[in-house]
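If you want the building blocks of each chain, they are given just below.
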Amino acid sequence: MIILIEMQDVWKAYANGVMAVNGINVHIDKGEFVYIVGPSGSGKSTFIKMMYREEVPTRGKILIDGTDITKLKYREVPFLRRKIGVVFQDFKLLPKLTVYENVAFALEVIEESPRQIRRKVMEVLDLVKLKHKARFFPNELSGGEQQRIAIARSIVNNPPVVVADEPTGNLDPENAWSIMEIFERINNNGTTVVMATHNKEIVDRMVKRVIAIEGGMIVRDDKEGVYGYEA
Amino acid sequence: MRLRTLGRHGREAIKSLGRNSWMSFASISAVTVALLLVGLFLTVMLNLNTIANQVENSVEVDVFIDRTAKPAQQDALKQQIEQLDHIKSIQYVPKEEGLKEFIKSMGDDADVFKSMQGKENPLPDKFVIKTTDPKQSITVAKQIEQFKYVDEVRYGKGYVEKLFHVVDIARNIGIVLILGLLFTSVFLIANTIKLTIVARRNEIEIMKLCGATNAFVRWPYFIEGFLLGLLGAVIPFLLIAVGYREIYQWFIGKNYQSYLFVKLIPSDTMTLYLGGSLILIGALIGIWGSMTSVRKFLKI
Ligand SMILES: Nc1ncnc2c1ncn2[C@@H]1O[C@H](COP(=O)(O)OP(=O)(O)OP(=O)(O)O)[C@@H](O)[C@H]1O
Ligand SMILES: [Mg+2]
């Protein structure tokens, strides 16, 4: 297996002194699907944010595709971000842009050619099954549909990794499952998926690797894991 | 950068100018007021400067030689003068030449004096002295007055100093006033653009998460600031350029050029100076204003 993400003795103390991550070592291979679970405040979001360099660890190395991203120069960060799709609990769509424009936005800001943009956006809208709503605005869609657009945006540039922080947190079970179906499909196409979640039902039924974090440390890492906490 | 991208940045900039039209209007007005003063100041200062230079170059000390002086005594006087400090040049002008010059300077009224050429020439021979520094002409003149065979000494009598003094004071007051106004404009532009940015913080965040470079994020704001500054330069430029043309025409029309022995900067040249400097200053304060407000928001 090819290692895609590797953390070596990673620590993170926030400016206010909170120790969010305390010595994490982990490998994630190309094509894996990983759940990050753990109690509130245990450091899951911090773990995810360090992967796309929204936060920089206080100590340790994070290798992505062989590059230590903690050592990146400021101007190199955008090029890391182009290799990592990010999905949030609150979707972060732009309300004044249509579905199509929201997805195209991700390519426009990295100066993709208009022809490529058209092709890739239609392709990815097809993948999330929302081609027919391309001209809708976000507020005309259900929460689940909005999240599918956000996922489409995160993968439209075909990144090797997609990280998601509680992507089903705002959704009812039915919509949550439609999202998981899409992540599964993306993963089957070869994209690595790392997802922080509190959703016991999903973790226990769609069985994948589970990494549990408590107090900023990995306390469990099972190839075919379970959620392991009370819902 | 590709042209298509530049087009995109331009459209974004214009869109946000329209969206914050009141703040845009306020910043453009501030730039307008500031540049109006800058333009007036420039016009006045540049002209005062050329006038001062013209006068400076014409500041000579004329030493009229006593008619009784023989050539040898004239030579001795010349040597005496040459020994003084601050002498740049000394030129002997015999009375015939002096009269010719005088006739020439009278222009149309010269005919009356033409008959004086020859024996009746009322002018004495003279030395024309240039000092190394126009401010020294008084000292030099006072010293020469003491020498033998000197009939009379004429010099700028301090009006050059006064002119320079006025120019200096005007310059200092103008600079302070204008700096204050320019800073106000920068501040207003910075705030206008900050409003745009705050309204679009989410957009910037998403851009950065999608891997947009800082330059890409910055461009529309850069252009927005540039446009604010540029639009602020339009009215001052037109107003002053047209106004100056009128004044210049009037000055020429009344023939003041030849009465006052000074030339103003031609209005075409002045229009170029004004256009260049106002556009440049406008653009710079616009860009400066926008860059100060963007910087904080790029740290994602
Ligand atoms: N920007 C920040 N500045 C200071 N402290 C922070 C910051 N972000 C998170 N923390 C602290 O770091 C710790 C870990 O937070 P983190 O958000 O990673 O937890 P989490 O596992 O994602 O929690 P949740 O399940 O509630 O989302 C918490 O104690 C939190 O208060
Ligand atoms: Mg979290």
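Here is what the cut-offs are and how they apply
Residues numbered from 1 in each chain as written. Chains lettered and ligands numbered in written order. Predicted model: local features only at pLDDT ≥ 70, side-chain atom pairs only at ≥ 80, totals over all residues. Heavy atoms only, no water. Axes fitted to C-alpha atoms, helices over the stretch in contact; angles between N-to-C directions. Helix = DSSP H or I, 4+ residues; strand = E, 2+ residues; numbered from the N terminus. Parallel < 35°, antiparallel > 145°, perpendicular 65-115°, else oblique. Left-handed = near helix turned anticlockwise from the far one by under 90°. Contact = heavy atoms within 4.5 Å. Domains from an automatic or database assignment. Patch = residues over 30% accessible without salt bridge, like charges linked within 9 Å, V, L, I, M, F, W, Y side chains within 5 Å. Areas by Shrake-Rupley, 256 points an atom, 1.4 Å probe, with all protein chains shown as cover. Salt bridge = Lys/Arg side-chain N within 4 Å of Asp/Glu carboxyl O. Buried < 20%, exposed > 50% of the residue type's maximum accessible area, 1.4 Å probe, protein only. Pairing = 2+ DSSP bridges. Right-handed = clockwise from strand over helix to strand, strands pointing away. Buried area = accessible area lost by both parts, 1.4 Å probe. Polar contact = N/O pair within 3.5 Å; in protein donor to acceptor, adjacent residues only side chain to side chain. Lys, Arg positive; Asp, Glu negative; His and termini not counted. Charge placed at Lys NZ, Arg CZ, Asp CG, Glu CD. 1 Å grid on protein atoms, 1.4 Å probe; cavity = no way out; pocket = protein on both sides within 12 Å on 5 of 7 lines; lining within 4 Å. Points joined across faces, edges and corners; volume = space filled by probe spheres on them.

On to the packing of helix α1 (residues 3-19) of chain B against helix α9 (residues 214-253) of chain B, then. All names here are of chain B. Where α1 contacts α9, the two axes come as close as 8 Å, and the packing angle between them is 55°. Accordingly, the angle class assigned to the pair α1 and α9 is oblique. Judged by the twist between their axes, the crossing of α1 over α9 is right-handed. Contact with α1, carried on its side by Thr5, Leu6, Arg8, His9, Gly10, Glu12, Ala13, Ile14, Ser16 and Leu17, involves Phe216, Trp219, Pro220, Ile223, Glu224, Leu227 and Leu228 of α9 and no other residues of that element.

Taken domain by domain, chain B consists of domain 1 (3-56 + 162-295) and domain 2 (60-155). Each of domain 1 of chain B and domain 2 of chain B has a C-alpha centre, and the two are 50 Å apart.

Glancing now at a nonpolar patch on the surface. Residues Leu231, Val234, Ile235, Leu238 and Leu239 of chain B make up a contiguous nonpolar surface patch of about 440 Å² in total accessible area. Given a relative accessible area of 42%, Leu231 of chain B falls into the partly exposed group.

On to the pairing of strand β8 (residues 192-196) of chain A. Residues and elements named next belong to chain A. Burial runs high along β8: five of the five residues are buried. Side chains Thr192, Val194 and Ala196 of β8 all project onto a buried face; the interleaved residues Val193 and Met195 project onto the opposite face, where all are buried too. Pairing geometry for strand β3 (residues 33-37) and β8, over four bridges, is parallel. Each bridged residue has a counterpart across the sheet, and for Tyr35 the counterpart in β8 is Met195. Judged from the five bridges that link them, strand β7 (residues 161-165) and β8 form a sheet pairing that is parallel. Note that in β8 the partner of Ala164 across the bridge is Met195. Each parallel crossover has a hand, and the one from β7 via helix α6 (residues 173-188) to β8 is right-handed.

Next up on the list: the interface of chain A and chain B. Contacts between the two partners involve 20 residues from chain A, matched on the other side by 20 residues from chain B. For the pair chain A and chain B, the summed buried surface comes to about 1800 Å²; carbon and sulfur atoms form 61% of the total. Interface area lost by chain A to chain B is led by Arg81, Val109 and Glu111 of chain A, which between them contribute 34%. Note that Lys92 of chain A and Glu205 of chain B form a salt bridge whose closest N and O atoms lie 3.6 Å from each other. At the junction of chain A and chain B, the tally comes to four residue pairs in polar contact (both at pLDDT 80 or more). Every element with two or more residues in the side of chain A that touches chain B is listed here: α2 (77-81) and α3 (99-108) of chain A.

What follows is about a positive patch on the surface. Residue and element names in this part refer to chain B. On the surface, Arg218, Arg295, Lys296 and Lys299 cluster together into a patch of positive charge. Within the secondary structure, Arg295 is located in the segment after α11 (267-294). According to the relative accessible area criterion, Arg295 is exposed, its value standing at 53%.

Here we come to empty space enclosed by the protein. Applying the stated criterion across every chain yields a total of two cavities of 30 Å³ or more. The computed volume of the largest cavity comes to approximately 180 Å³. Looking at the largest cavity, it is lined by 15 residues, and the ones nearest its centre are Ile84, Arg153 and Ser154 of chain A together with Leu209 and Cys210 of chain B. The set of elements that each furnish at least two residues to the lining of the largest cavity consists of β6 (84-87) and α5 (143-155) of chain A together with α8 (201-209) of chain B.

With that out of the way, let us pick up the environment of Val31 of chain B. Residues and elements named next belong to chain B. By secondary structure assignment, the location of Val31 is in helix α2 (residues 21-58). Note: C-alpha distance between Val31 and Val234 (203 residues apart in sequence) is 9.9 Å. Those residues in contact with Val31, other than ones at most four positions away along the chain, are Ser185, Ile189, Leu228, Gly229, Gly232, Ala233 and Ile285.

Below, the discussion takes up unusual backbone geometry. Positive phi, close to 60°, is recorded for Glu111 of chain A, a residue that is not glycine. For Glu111 of chain A, the position within the fold is in the loop between α3 and α4 (114-127). Glu111 of chain A gets classed as partly exposed once you look at its relative accessible area, which sits at 26%. One non-glycine residue, His86 of chain B, lies in the positive phi region at around 65°. Taking relative accessible area as the criterion, His86 of chain B reaches 36% and is therefore assigned partly exposed.

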